[in-house]
Amino acid sequence: LNHMDYSGQLKIVEDMRKAMSRVRNERKRAYQTEMDKIGRADVEAIDMQPIRDAIAEAEKRLYATDASGAPSALPGDPAFAKLEQVKQMVAQFEGPWAANAQDLKANKLQPARPATVHNVDDLKQAVGRLQLQGDKGNVGAAMVRDAIEEQIVQQAPTYADVMKGYREASNQIFQMEKELMLG
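None of these values were measured; they are calculated from a predicted model.

Reading the values: rules and limits
Residues numbered from 1 in each chain as written. Predicted model: local features only at pLDDT ≥ 70, side-chain atom pairs only at ≥ 80, totals over all residues. Heavy atoms only, no water. Axes fitted to C-alpha atoms, helices over the stretch in contact; angles between N-to-C directions. Helix = DSSP H or I, 4+ residues; strand = E, 2+ residues; numbered from the N terminus. Parallel < 35°, antiparallel > 145°, perpendicular 65-115°, else oblique. Left-handed = near helix turned anticlockwise from the far one by under 90°. Contact = heavy atoms within 4.5 Å. Salt bridge = Lys/Arg side-chain N within 4 Å of Asp/Glu carboxyl O.

A. Highlighting the packing of helix α3 (residues 78–94) against helix α5 (residues 117–132). Between α3 and α5, the shortest axis-to-axis distance is 10 Å and the interhelical angle comes to 165°. When the axis of α3 is compared with that of α5, the two are roughly antiparallel. The way α3 lies across α5 gives a crossing that is right-handed. Contacts between α3 and α5 pair K82, Q85, V86, M89, V90 and F93 from the former with N119, V120, L123, A126, V127, L130 and Q131 from the latter.

Okay, here's the thing in structure tokens:
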């Protein structure tokens, strides 16, 4: 029998996986550093109404009918379930704010989490993770995620630069892993 020794090749692959893990950790650290800078500079609350409007628009699209009168999505479609999950995430994030419009206008209630750049970014990431689960029903979740990002950028324009850098680093990592067939 001819037994080949692959231990050297396996070590190279393992070293590359460790290196990619370090690159991912560095990307995460750089992102957190930049987000900390934004958090110190931008403390004003983010307006959540455009996010609620995006949910309503996504619902309209799902319940809309085509030329034949058929709905664009049917109950039981993953799009409905995913959008319902997004609505629940936003409602939980907002907490009492969503409970009573009169109290909201009078500022009598405090949000479950203040709508700071950091906290709303956490919400955006959670919606993004949900959006990536499965390949169906992403339209509504994507609309809401995009609306959340737009609101953050309006409040903190430097956030767009941070996200651009993060996306570029993520794309490079993905491409390297794809090239190395590690991912």
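After presenting the structure, the write-up continues.
B. Quick peek at the pattern of salt bridges. If you walk through the whole model with that rule in mind, you get 13 salt bridges. Here K37 ties to E34 by a salt bridge, and the two come within 3.1 Å at their closest N and O atoms. Here the residue K37 and the residue E34 both occupy positions in helix α1 (residues 7–41), the gap between them amounting to three residues, near one helical turn. Measuring nitrogen to oxygen at the nearest pair gives 2.7 Å for the salt bridge that ties R167 to E149. Of this pair, R167 sits in helix α7 (residues 158–180) while E149 is found in helix α6 (residues 138–155), placing the two residues 18 residues apart along the sequence.

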